[in-house]
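Chain by chain, the residues:
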Amino acid sequence: MIRCAFLCLVALPAAAMEFPSPVTDDAYRSTDPAKVAMGRLLFWDPILSGNRNISCGTCHQPRFGTGDGLALGLGEGGVGLGPDRTVDPTNPPEDRIPRNAPGLWNLGAHEFTVLFHDGRIEETAAGLRTPMGPEMVEGFDTLLSAQTMFPVLSADEMAGHFSENEIAQAVRQGFITGPDGAWEKLSARVRAIPEYVTLWQEGFPNDETLDFTDISDAIAQFVEHEWRSDTAPFDAWLRGDGDLPVRALEGMELFYGSLDCASCHSGAFQTDHDFHVTGQPQLGPGKAAAFESHARDDGRFRVTGVEADRYAFRTPSLRNVTDTGPWGHAGAYANLRDFLRAHAAPRAALRDYPRAVALPKLMVNDWTILDDVDQVQDIAARITGPDRILTEAEVTALMAFLETLRDPKALQGRSGTPRVVPSGLPVDHGD
């Protein structure tokens, strides 16, 4: 009855729009409570960072929609949380983290088979694929578990820099696996804490040694459990258990109808998991190999080498999108209404980008690409589809619909942030 009333309101036939099916339990992998309990503490414990000062939770704060509230974050060399995070004057970072911290919503769903903005870690028919080669994915239970290995190896995120600690030194020397590798050094830290050993024995009773894959598997199961989100008003509407405001229904018509947002933001979690050139402004250090000097971010092209993939980025899920700003792969927009306008008319937005963005002060040039007219024109030339100027009424309606994807229950988290962790190190509570 609700859906019929909505379609009568917008005067469109039912065949004109296709809505996703309601999310059910079988959309997700199952989790083990013992592994989740271990992973929860490890997620919030700075023990996994080179200098013991940053946890996964530092850049994935619940109060910022499981992001960090910054366009481009500061890992090692930063102090504080969210928009209040600043450079540590006694140990300044070498650069910003080059991409916006993504939300962690529904990563335990089977359909999430690519991760990161460029999809450089994937689950394929042949198994897990990462830039680090097949020997680097052995033993990880899931794609999400394998993803955990990247931040702890990044100098700018969690590892720190060469002279600072033994983890950073191992990474710089290329020692990742093996008895002298960074993963084993991190695992030894965890094994030295009796509470973690007890938790590991409960969660991994058939394993012989607490190693890094166990740490990753536990963290992944915690993320899958903690940030499942399928109890938003839109979910209730799909299940026939609730109504939506008229303005949200108008926005839904635009989203699934005339604006065709769902051609990319499709399915239960509003993503096709594919890669598209949407012309988002590029700022910050970009993504260059060690032997390169540019500040460009080529997106999916860095993974595939296919020219058509240059500047293409993964379609993000829109669950809790109203809370996950700043928006864009480089966090170029601090206001979601502004982002919607720019996303609909990307060429004009790229040309007229105001550079008003949340970036902690750091002595670097964040505008190398936007200052290069040829680079901006190259990005704009690769955008497909026309620019469409949204009216204020359309933006308001779209915002009302996106609000229906906001899940207050999920935003609170299922178990919350622990007050203390087994290492005894400070926890970034964010409250």
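Residues numbered from 1 in each chain as written. Predicted model: local features only at pLDDT ≥ 70, side-chain atom pairs only at ≥ 80, totals over all residues. Heavy atoms only, no water.

### Section: empty space enclosed by the protein
As enumerated under the stated definition, the model contains 2 cavities of 30 Å³ or more in all. Taken as a whole, the largest cavity spans an internal volume of roughly 60 Å³. The residue inventory of the lining of the largest cavity, partitioned by class, reads 6 nonpolar, 5 polar and 2 charged. Roughly 50 Å³ of internal volume is contained in the second largest cavity. Along its surface, the second largest cavity is lined by His276, Val277, Thr278, Gly279, Gln280, Gln282, Tyr311, Phe313, His329 and Ile379. A per-class count over the lining of the second largest cavity returns 4 nonpolar, 6 polar and no charged. (1 Å grid on protein atoms, 1.4 Å probe; cavity = no way out; pocket = protein on both sides within 12 Å on 5 of 7 lines; lining within 4 Å. Points joined across faces, edges and corners; volume = space filled by probe spheres on them. Nonpolar A, V, L, I, M, F, W, Y, C, P; charged D, E, K, R; others polar.)

### Looking at the pattern of salt bridges
All told, the structure shown has 27 salt bridges when counted by the stated rule. Salt-bridge contacts for Arg296 lead to Asp298; the nearest nitrogen and oxygen are separated by 2.8 Å. Like Arg296, the residue Asp298 is buried in the burial classification. The salt bridge involving Arg347 is made with Asp387; its shortest N-O contact spans 2.9 Å. Of this pair, Arg347 sits in helix α14 (residues 346–351) while Asp387 sits in the loop between α15 (373–381) and α16 (392–403), placing them 40 residues apart in sequence. (Salt bridge = Lys/Arg side-chain N within 4 Å of Asp/Glu carboxyl O. Buried < 20%, exposed > 50% of the residue type's maximum accessible area, 1.4 Å probe, protein only. Helix = DSSP H or I, 4+ residues; strand = E, 2+ residues; numbered from the N terminus.)

### Describing the state of the cysteines
On inspection of all chains with the given rule, the structure shows 0 disulfides. Of all cysteine sulfurs, the one in Cys59 lies closest to Cys56, which takes part in no disulfide; the gap is 9.3 Å. With relative accessibility at 14%, the residue Cys59 sits in the buried group. (Disulfide = S-S within 2.5 Å.)

### Focus: unusual backbone geometry
With an omega of -5°, the peptide bond running from Gly325 to Pro326 counts as cis. Of note, Pro326 is situated in the loop between β7 (313–314) and α13 (336–344). In this model, Phe116 sits at a positive phi of 75°, which is unusual for a non-glycine residue. Of note, Phe116 is situated in the loop between β3 (114–115) and β4 (121–124).

### Some words on the sheet that holds β3
Pairing is antiparallel in the open sheet, where 3 strands are placed in the order β3-β4-β5. Looking at which strands have only one partner, the edges of the open sheet turn out to be β3 and β5 (127–129). With 3 bridges connecting them, β4 and β5 associate as antiparallel partners. From the neighbouring strand, Glu122 faces β5, where its bridge partner is Arg129. (Pairing = 2+ DSSP bridges.)

Read these as geometric descriptors, not functional statements.
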